[in-house]
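Architecture at a glance
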Amino acid sequence: VGAGARGSVTDARQIPQAFLIEQFADFLALERGASPNTVAAYRRDLAHLVEFLATRRIHAPAGASSPVLRGFIFHLKDLGLAATSIRRHISAVRTYFRFLVGEGHVVRDPSERLTSPKRWRTLPAVLTVEEVARLVGAPNTDDPLAWRARAILEFGYATGARVSEITGVALKDILFDEGLVRIFGKGSKERIVPVGRRALGAVALYSREIRPRLEKGKGQGRLFLNARGTPLSRVGAWGIIRRCAKTAGITKRVTPHTLRHTFATHLLEGGADLRAVQEMLGHADLGTTQLYTQVDREYLRTVHRTFHPRA
């Protein structure tokens, strides 16, 4: 599976028996003649599906509807998986449900019309500055874990980090005195990104007051921990951001990648150099940064009307 999802996957061996994964693996190997590598890959892909369904309180394959499966595919994209990995997930899901229907375990196939979105390069929504303020102010700070949520939101918007980078950052990688964070991106490539005062303050408060209460010797040095004291998963971070967006009354679809895109867009709108944004995002190719940081047409019209002498 793609690097964007490693570490958060439910162990295929721990999947509830209701999903019949072992029977499906036998079907692949014995009836379809699939290679051991293909069987292992499909098991991992279905483990992702089961983990996603659990967040929707769906604990058997019969509960998976077509809209839920489409949500799963967009969720994989939000996690940063490559299009090739997502296509393989789709193949695994289709094959799995055909098997379930053929064996009489489910009466309908919700994956029949499951397709890859045609435009993988469609840009996510961008939050306004006011929406960002509402989002980071959404956690109810009467709840101690709300300070973790606020730290995640502030950190994501301040650094433009991918969700895998947010959950992977270590406590020692936050350089408080220098206002910097050391981030390890795709291929473990290291980059140094500035962190603003508000984000540093939120992270400092969380790491000083809340994280020690969560740490039970299983935190692996990670900054963000879950309630069990283990590293927060990508799915966990995604859920926190989604819940805060709902609390804030934001109707746009808000994901960790929304924060990343908003970070880059706001920098460009403020006059930041494209190559500086490229460095902070950790893009090897400037063309990728140009894609992620396209500003909307209305903003361009506003700039043109405001600053062009003959507009």
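Residues numbered from 1 in each chain as written. Predicted model: local features only at pLDDT ≥ 70, side-chain atom pairs only at ≥ 80, totals over all residues. Heavy atoms only, no water.

Quick look at the sheet that holds strand E3 (residues 190-194)
Reading across the sheet, the three strands line up as E1-E2-E3 and stay open at both edges, with antiparallel pairing between neighbours. Every other strand in the sheet has two partners, leaving strand E1 (174-175) and E3 as the edge strands with one partner each. The pairing of E1 with strand E2 (residues 180-184) spans two bridges and is classified as antiparallel. Among the inter-strand pairings, Leu-175 is bridged to a residue of E2, identified as Leu-180. (Pairing = 2+ DSSP bridges. Helix = DSSP H or I, 4+ residues; strand = E, 2+ residues; numbered from the N terminus.)

Some remarks on helix H4 (residues 83-102)
For H4, which comprises 20 residues, the first-to-last C-alpha distance of 28 Å matches the rise-based estimate of 28 Å (1.5 Å per residue) to within 8%. Of the positions making up H4, those classed as buried are Ser-85, Ile-86, His-89, Ile-90, Ala-92, Val-93, Thr-95, Tyr-96, Phe-97, Phe-99 and Leu-100. The secondary structure elements touched by the buried residues of H4 are helix H1 (21-31), helix H2 (36-55) and helix H3 (66-78). Gly-104 sits one or two positions beyond H4 and adopts a positive phi of about 80°. (Expected span 1.5 Å × (residues − 1). Buried < 20%, exposed > 50% of the residue type's maximum accessible area, 1.4 Å probe, protein only. Contact = heavy atoms within 4.5 Å.)

Structural notes on the pairing of E3
Across the two faces of E3 the burial differs, with Arg-191 and Val-193 buried and Glu-190, Ile-192 and Pro-194 not buried at all. Adjacent in sequence and paired antiparallel, E2 and E3 are bridged by five residues, among which Gly-187 carries a positive phi angle near 70°.

Here we look at the nonpolar core
Residues Leu-135, Phe-155 and Phe-224 are the most contacted members of the largest nonpolar core, which totals 79 residues. Not counting the four nearest positions on each side in its chain, Phe-224 is found in contact with Arg-148, Ala-151, Ile-152, Phe-155, Ile-166, Val-169, Tyr-206, Pro-231 and Leu-232. (Core = buried A, V, L, I, M, F, W, Y, C linked by side-chain atoms within 4.5 Å.)

Section: the packing of aromatic side chains
Tallied over the entire structure, the rule returns eight aromatic pairs. Between the aromatic rings of Phe-52 and Phe-72, the centroid separation amounts to 5.5 Å while the plane-to-plane angle is 50°, which identifies the pairing as tilted. You can see Phe-52 sitting in helix H2 and its partner Phe-72 sitting in helix H3, a full 20 residues away along the chain. By the burial criterion, Phe-52 is buried, and Phe-72 matches it. Three or more aromatic residues link up through ring pairs in this structure, and these residues are Phe-24, Phe-27, Tyr-96, Phe-97 and Phe-99. (Phe/Tyr/Trp six-rings, centres within 6.5 Å; stacked < 30°, edge-to-face > 60°.)

A few points about the packing of H1 against H4
Axis angle and axis distance: for two packed helices, these are the angle between their axes and the distance between the axes, and together they describe the pair. Following both chains from N to C, one finds H1 and H4 inclined at 100°, their axes separated by 11 Å at the closest point. Looking at the two axes, H1 sits roughly perpendicular to H4. When H1 is examined against H4, the residues Ile-21, Gln-23, Phe-24, Phe-27 and Leu-28 are found in contact with a partner set consisting of Ala-92, Thr-95, Tyr-96 and Phe-99. (Axes fitted to C-alpha atoms, helices over the stretch in contact; angles between N-to-C directions. Parallel < 35°, antiparallel > 145°, perpendicular 65-115°, else oblique.)

What about helix H11 (residues 274-281)?
Of all the residues in H11, the buried ones are Val-277, Gln-278, Met-280 and Leu-281. Each buried residue of H11 lies within a common arc of 165° when the element is viewed along its axis, so the set occupies one face. With a side-chain oxygen lying 2.9 Å from the backbone nitrogen of Arg-275, the N-terminal cap of H11 falls on Asp-273. Positive backbone phi, approximately 80°, marks Gly-282, located one or two places after H11. (Arc of directions from axis to C-beta. Polar contact = N/O pair within 3.5 Å; in protein donor to acceptor, adjacent residues only side chain to side chain.)

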